[in-house]
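A structural walkthrough
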Amino acid sequence: MSINITGHTGLTGLLGSPVSHSISPAMHNAAFEALGLDYVYLCFDVDTSNLKTAVEGLKALGIKGFNCTFPDKNTMRELADELSPAAEMIGAVNTVLNNGGRLIGHNTDGIGYMMSVKDAGYNIIGKKMTLLGAGGAASAICAQAAIDGVSEIDIYSIKDEFWDRAVHMVDSINKKTNCKASLYEFNDSTSFKASVASSAILTNGTSVGLAPKQDNCPVTDLSVFRQELIVSDVIYNPKETKLLRLAREAGCNTFNGMYMLLYQGAEAFKIWTGMDMPVSEIKEKFFA
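Along every chain, residues carry numbers that run from 1 in the direction the sequence is written. It should be noted that, the model being predicted, local features are given only for residues of pLDDT at least 70 and side-chain atom pairs only at 80 or more, the latter also being counted only at that level, while totals for whole chains, interfaces and linings use all residues. To obtain the side-chain values, all non-hydrogen atoms of the structure were included, while hydrogens and water were left out.

1. Examining unusual backbone geometry
For the bond running from Phe70 to Pro71, omega is 5°, close enough to zero to count as cis. Looking at the element boundaries, Pro71 is found in the loop between β3 (65–68) and α3 (73–79). Residue Pro238 is bonded to the preceding Asn237 through a cis peptide linkage, with omega at 10°. Elements are defined by DSSP. Helices are runs of H or I of four residues or more, strands are runs of E of two residues or more, and each kind is numbered from the N terminus. Counting through the fold element by element, Pro238 comes out in the loop between β11 (230–233) and α9 (242–249).

2. Some thoughts on the sheet that holds β3
We treat two strands as partners when DSSP finds at least two bridges between them. Taken together, the six strands give an open sheet; going across it, the order is β2-β1-β3-β5-β6-β4, and neighbouring strands pair in mixed fashion. A strand with exactly one partner marks an edge of an open sheet, and here the two such strands are β2 (39–45) and β4 (82–83). Two elements, strand β5 (residues 95–99) and strand β6 (residues 102–106), share five bridges in a ladder whose sense is antiparallel. Each bridged residue has a counterpart across the sheet, and for Thr95 the counterpart in β6 is His106. Sheet strands in contact with helix α1 (residues 24–35) are β1 (10–16), β2 and β3, and its direction is about 170° off that of β2. Contacts: residue pairs with any heavy atoms within 4.5 Å of one another. Helix axes are fitted only over the stretch in contact, all axes being lines through C-alpha atoms; the angle between N-to-C directions runs from 0 to 180 degrees.

3. Details of the pattern of salt bridges
When a carboxyl oxygen of Asp or Glu is within 4 Å of a side-chain nitrogen of Lys or Arg, the pair counts as a salt bridge. In total, this model carries 13 salt bridges according to the counting rule given. The shortest N-O distance in the salt bridge between Lys128 and Glu152 comes to 3.8 Å. One end of the pair, Lys128, is in strand β7 (residues 128–132); the other, Glu152, is in strand β8 (residues 152–157), and 24 residues separate them in sequence. Exposure classes here rest on a 1.4 Å probe applied to the protein chains alone. A residue is buried below 20% of its type maximum, exposed above 50%, and partly exposed in between. Note on Lys128: relative accessible area 12%, which makes it buried. Given a relative accessible area of 23%, Glu152 falls into the partly exposed group. A salt bridge links Arg226 to Glu228; the shortest N-O distance between them is 3.2 Å. For Arg226, a relative accessible area of 22% corresponds to the partly exposed category. Connected through salt bridges with shared partners, the residues Arg77, Glu78 and Glu88 form a single ionic network.

So this is what it looks like as structure tokens:
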């Protein structure tokens with residue numbers, strides 16, 4: 001892959017910390033090259049302490065748009081001039097469009113997840129989901145699943161800094177969509193077991209099991225696994241988390257967060273360029 005930088009090259013990129021491991025630059029730059037677009041995508045290691053300064057600088061430089069990842073998604077919500085309906089409901093921003101100096105905050109994580117479910121060969125519309133977590137990724141999944149037509153979502157979270165936002169999101173989902181959303185404490189094992197028993201899919205939207213702590217698993221009661229249950233994880237490093245391995249060994253259908261990454265990136269690509277990312281080509285090159 002060769003990148004030809006010109007005086008007209010449009011700048012895009014990723015803000016977060018750490019970001020050196022990200023495959024987003026390779027993915028987006030390959031897509032720009034495939035479509036003959038004069039854009040470049042770079043990584044910037046920026047944490048929340050200097051995010052405002054970095055965003056003001058990038059805005060002054062005329063950046064076309066950028067992604068945000070951990071730990072910047074929640075703070076970026078406050079820095080955006082305008083929010084998409086999904087970003088407003090989720091309370092976090094992972095994609096920003098610079099529209100003539102106004103920063104429009106979007107959240108493509110939920111779209112990416114729902115597309116990854118479809119890509120994995122499953123249809124959960126009109127069915128129930130049990131969701132672990134209430135942080136940025138989990139909130140995005142919850143909001144988009146409700147918008148797309150999942151009938152019921154039970155959310156299990158610890159009472160951390162995201163709890164109040166989760167309460168607000170559940171209220172918003174119940175008022176604005178036809179989905180019934182409920183919030184429970186993570187240690188409510190009795191209701192969790194009943195929830196999974198009546199769900200089509202169990203989704204881990206937390207970082208539990210992420211490398212280098214891949215020996216951790218958010219589910220301790222393995223009796224919840226049954227053959228017809230779909231189990232998914234937003235984590236893609238390792239490719240098979242302990243949760244997915246245990247679920248697979250119990251006969252469940254499983255998939256990881258790799259294609260969520262692909263499809264959230266494809267949606268961001270379209271927001272910036274107005275063009276569809278060549279997903280098949282990018283999938284074959286980086287996700288095979």
